[in-house]
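Structural overview for review
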Amino acid sequence: MAITKKFTQLLAKCEQLDDYKHLLEQFYLWLEEQFSHQPVERLVKARAALVDAILSQLYDHYQLREHGDLIAIGGYGRGELHPFSDIDFLLLVNKEPNKETQETIAQFVTFLWDLRLDIGHSVRTIKQTIEHKKNDVNFATSLLESRLICGDPDNFAHLQKKLVETSAWKSDTFFIAKRDEQEIRHKKCHGTAYNLEPNLKENPGGLRDVQTIIWVAKKHFRSQTLEELVEHGYLTFEEHQELQECIVNLWNIRFALHLAAGRMENRLLFDHQPVAAKLLGFGDDGRAAVERMMKRLFRIMGRVRELNQMLLSYFEQSILTGHVNYKVTSINADFEQIGHQIRVKDPQVFFHREKIIELFWHIANNPQITHIYPSTIRLLRQVRRRLLGDLQDYSLCRTMLLKLISHPNGMGRAFTLMHKHGILSAYLPNWRNIVGQMQFDLFHAYTVDEHTHRLIQNLYHYFQPECANTFPLCREIVVRMEKPELLYLAGIFHDIAKGRGGDHSELGAVDAREFAKLHGLTTFEGKFIAWLVENHLLMSVTAQRKDINDPDVIAEFAARVKNEKQLDYLYCLTLADIRATNDNLWNDWKSTLLRDLYTHTQRALRRGLENPMDLRDQIRDKKAQAKQRLLNLGFAEGQIDALWLRFKPDYFTRFSTQMIAWQCEHILASKDPSKGLVLLSGQPINGGSQVFVYCPDQANLVARLVAVLGAKKANILHAQIMNTKDGYAVDNFVILEQNGEPVTSQSRASSIKKSIQQVIDEPNKKVRVKKNRKKRFKGFNIKPRVIVSPHGRKDRTLVEIQVVDIPGLLTKITDVFSSLALHIHAARITTIGERAEDFFVVSNADYNALNEQECGDLKNRLLEKFNSEND
């Protein structure tokens, strides 16, 4: 597309840098204005045409034409530039430039940088270009899409001829390189397009998948357009139209993303989603508009990925003939295995709908099958679109699905391929509702359907022998499960009601019961699956929000779980659920919490709910075990008893036997505890590094300890705050590094301990916390919540805080507590993604529970603090 008369005239008047800047500013405004009026194809070509004109004019201005040719490569070579896309070009020089010419080229390139154009360039002779092509497949790829901007057409034609003649990167090696490159790229994106902040280029189903098809076609078939693949028989006319439609949709979304970001950006970040949705015409109603846009995007990327897989499989057969073993083995009358792929023998086989599910049963039954043959993918796509109802409406399909779920390998690769090729959506109408469903909660990384798929894969992993090393308790539990299929079904339905409004756990339980009834499961099995779905958050909430060392908490949880069978299933489901939420959020601390809750509850269930463990029995048991450890270390029983007389009963209920022995060992060995004792566990204890502080209590000590740990960039996961009878502070923090790992460096541990000791030694010195850049959360607009409620103890108050995680959050919270003269007795810190859910047990200045006015003051002060941070 040629640039308009207006911009041609403006360009002709450009002489100085500011003139060109003004031209580009006007052009970007024009692009934004025209986005809703013109096809995106015209706009991307218009920008490429303007850049052509600017580069040509400047090329002549710097008198570079006599030295060589200016050649566009890559996306710019295709004549397609989004608003802020990078501009790659090759300066094809006649000979190695001398110093004067190099200086001129540098001035030309610097001028382009000063225009804030994202430039990628190289300066090479034809010989150097050919040599570099041989060693760099990416450069060879970009040359496939080269285009002369200005210079000698004969020289450019000579280059093209040389590129064709060179023996490097023949069709087979080029195909293998691009296929392997795509596999690596997909792995970096965790193998899914359904990330909540997808990369429009790099994600599976993104623009790079389309370009990979085009590059291979250009290299092997000398095809210049996708339409030629129809002529070669690789695409049907309908598939070609579909792929072109997908490209235009991806272009539209990428174009809107650039306008929303105001810069070159390929990740559709939360911050940009509302603006992009508005620009694309999805509305201005916040999350609803974003959900509409994202569902459309995920459908498109799913279709592109499927077409990409189908075409690359066809290309492999054409290009790698002789490289790959395509041995054909009959499976039964309807299916056969070709290499590592499964293929139907008769194109009419899916007329019998149960054969669709049977296809995946054969994949489960034969571990050597890893993919579906391209012609069979095409059949699945056609049948999927022609279904008049749901596959679950057919009784034989229902029988076949239960057979698949009960197969030892049914929920591994077979389930993944069912998910990838849309068969789950074709089977379960409720599954269709969660495909591409966004989750605006700051800690999920995937859409609801992809999160559920990952949960199922986690469950499947627990049944594999290698799991004994990574998740031994899960492995121990699942090997004795009589009906694993009930666990899998609970996993499928646990989040299936998200996005409908209401409690998704309750609605999902209803769906599970209906599924069980339709599929002929027993009444007990239906109720069991429904119970797991309805209570799938119970264990994580209890472990992360309550004191699991409190016998009352365990008794309450055990009463809801009722029996060991439900505890077993719930533990495995919970572990799989948390791990499927976000790849970066699982750590040993969470593992320890869940395992401890499981073992405490198992012990309570075996004692019988009518015989709960008495608090005094628990204290007596812990003391006996801890004392024996201390005696073994050489301490006298009198020393131990004298120390413990100073401790309140809380100390022995809140800490494990291991922790009591570790802390008391160092207190007893200390020459003068009155000067303060600071410990940091050399090895992780219970999944985290333990920081123990023992010293005479001071005003605002907890707030200052929190501040110094924040200043040292340590993540606080948990805190136990208490005092001895004679006024010593006994404070314990569980911390992790920023990367989620315990503190392992000796120098790092020494630095943290030294900083804490300074806080104890200099109580009036203010701790300075360096302000970090705020995290992204504009697209969520989540309001902070503060819930102040009675605690289990009459002299305590529970404070629950849900807020976006901001730098120095804990310091801000403890500052408020200090300003109101509140005592902190315990804290549970939970940060998931960019959302904090923190719990504090507090009392007022007189060590009593907060009264109504004090509760109101605390809530108002905290909300005022959080809201001022968000402004």
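Everything numeric in this text was worked out from a predicted model, so none of it was measured.

Brief notes about the overall build of the protein
Across its full length, the protein carries 38 helices and 16 strands. Projected onto its principal axes, the C-alpha coordinates of the protein cover approximately 100 × 75 × 50 Å. Looking at the protein as a whole, 56% of its 871 residues are labelled buried. Contacts in the protein between residues far apart in sequence, at least 24 positions, make up 70% of those at least 6 positions apart. In the structure as shown, the protein presents an accessible area of about 38,800 Å², 49% of it carried by carbon and sulfur atoms.

Focus: the packing of aromatic side chains
Under the defined criterion, the tally for this structure stands at 28 aromatic pairs. The interplanar angle of 80 degrees and the centroid separation of 5.2 Å between the aromatic rings of Phe-7 and Phe-27 together place this pair among those described as edge-to-face. Taken together, the positions of Phe-7 in helix H1 (residues 5-12) and Phe-27 in helix H2 (residues 17-34) put the pair 20 residues apart, joining distant regions of the chain. Among the residues examined, Phe-7 registers a relative accessible area of 1% and is labelled buried. Residue classification places Phe-27 among the buried positions, given a relative accessible area of 1%. Ring plane angle 65 degrees and centroid distance 6.4 Å describe the contact between Tyr-234 and Tyr-314, whose orientation is recorded as edge-to-face. One end of the pair, Tyr-234, is in the loop between helix H11 (227-231) and helix H12 (237-261); the other, Tyr-314, is in helix H14 (residues 287-319), and 80 residues separate them in sequence. Given the relative accessible area of 11%, Tyr-234 is considered buried. Classification of Tyr-314 as buried rests on a relative accessible area of 14%. Taken together, the ring pairs in this structure connect Tyr-20, Tyr-59, Tyr-62, Phe-89, Phe-108 and Phe-111 into an aromatic cluster. A cation over an aromatic ring shows up here: Arg-343 above the ring of Tyr-373, its NZ or CZ 4.8 Å from the ring centre. Of note, Lys-565 hangs over the ring of Phe-528, and the distance from its end group to the ring centre comes to 5.0 Å.

Section: the nonpolar core
Formed by 189 residues in total, the largest nonpolar core has its most connected members in Phe-108, Phe-315 and Phe-360. When residues of this core are assigned to their parent elements, the largest contribution, 16 residues, is made by H14. Residues within four places of Phe-360 in sequence aside, it is in contact with Ile-372, Leu-380, Leu-404, Ala-414, Leu-417, Met-418 and Ile-423. By size, the runner-up hydrophobic cluster in this structure holds 46 residues, among which are Val-693, Phe-733, Val-743 and Phe-817.

With respect to the pairing of strand E14 (residues 797-804)
Across the eight residues of E14, seven count as buried, placing the element largely inside the fold. Alignment of strand E13 (residues 785-790) against E14, held across six bridges, turns out to be antiparallel. Residue Arg-785 lies in a different strand from E14, and its bridge partner there is Gln-802. Taken together, the eight bridges between E14 and strand E16 (residues 835-843) define a ladder with antiparallel strand orientation. Paired with Thr-797 across the two strands is Val-842, which belongs to E16.

What to know about helix H10 (residues 207-221)
With 15 residues, H10 extends 21 Å from end C-alpha to end C-alpha; this agrees with the ideal 21 Å at 1.5 Å per step. Burial analysis of H10 places 13 of its 15 residues in the buried class, the great majority of the element. Where H10 ends, the next residue or the one after it, Arg-222, has phi of about 55 degrees, a positive value.

Quick notes on H12
In a regular helix each residue adds 1.5 Å, so 25 residues correspond to 36 Å; H12 covers 36 Å between its end C-alpha atoms and thus fits that length. Positive phi appears at Gly-262, one or two residues downstream of H12, with a value of about 70 degrees.

Focus on the environment of Asp-805
Relative to the elements of secondary structure, Asp-805 occurs in the loop between E14 and helix H37 (809-819). On the basis of relative accessible area, Asp-805 is assigned to the buried category, the value being 14%.

Quick word on unusual backbone geometry
Residues other than glycine seldom take positive phi values, yet Lys-562 does so here, at roughly 80 degrees. Positive phi, normally seen in glycine, also occurs at Tyr-847, with a value near 60 degrees. By the element assignment, Tyr-847 lies in the loop between E16 and helix H38 (852-870).

Remarks on the sheet that holds strand E3 (residues 119-124)
Pairing between the strands of a sheet comes from backbone hydrogen bonds, and it takes one of two forms, parallel or antiparallel. Strand order in the open sheet formed by four strands is E3-E2-E1-E4, and the pairing between neighbours is mixed. Edge positions in the sheet fall to E3 and strand E4 (147-150), since each of these pairs with one other strand and no more. Going across the sheet, the axis of each strand differs from the next one's by a mean of 30 degrees, ignoring polarity. Contacting strand E1 (68-72), strand E2 (87-93) and E3, helix H5 (residues 99-114) runs over the sheet at an angle of about 170 degrees to E3. Where helix H8 (residues 153-165) meets the sheet, it contacts E1, E2 and E4, and its direction lies at approximately 60 degrees from that of E1.

Rules and cut-offs
Residues numbered from 1 in each chain as written. Predicted model: local features only at pLDDT ≥ 70, side-chain atom pairs only at ≥ 80, totals over all residues. Heavy atoms only, no water. Helix = DSSP H or I, 4+ residues; strand = E, 2+ residues; numbered from the N terminus. Buried < 20%, exposed > 50% of the residue type's maximum accessible area, 1.4 Å probe, protein only. Contact = heavy atoms within 4.5 Å. Areas by Shrake-Rupley, 256 points an atom, 1.4 Å probe, with all protein chains shown as cover. Phe/Tyr/Trp six-rings, centres within 6.5 Å; stacked < 30°, edge-to-face > 60°. Lys NZ or Arg CZ within 6 Å of the ring centre and 35° of its normal. Core = buried A, V, L, I, M, F, W, Y, C linked by side-chain atoms within 4.5 Å. Pairing = 2+ DSSP bridges. Expected span 1.5 Å × (residues − 1). Axes fitted to C-alpha atoms, helices over the stretch in contact; angles between N-to-C directions.

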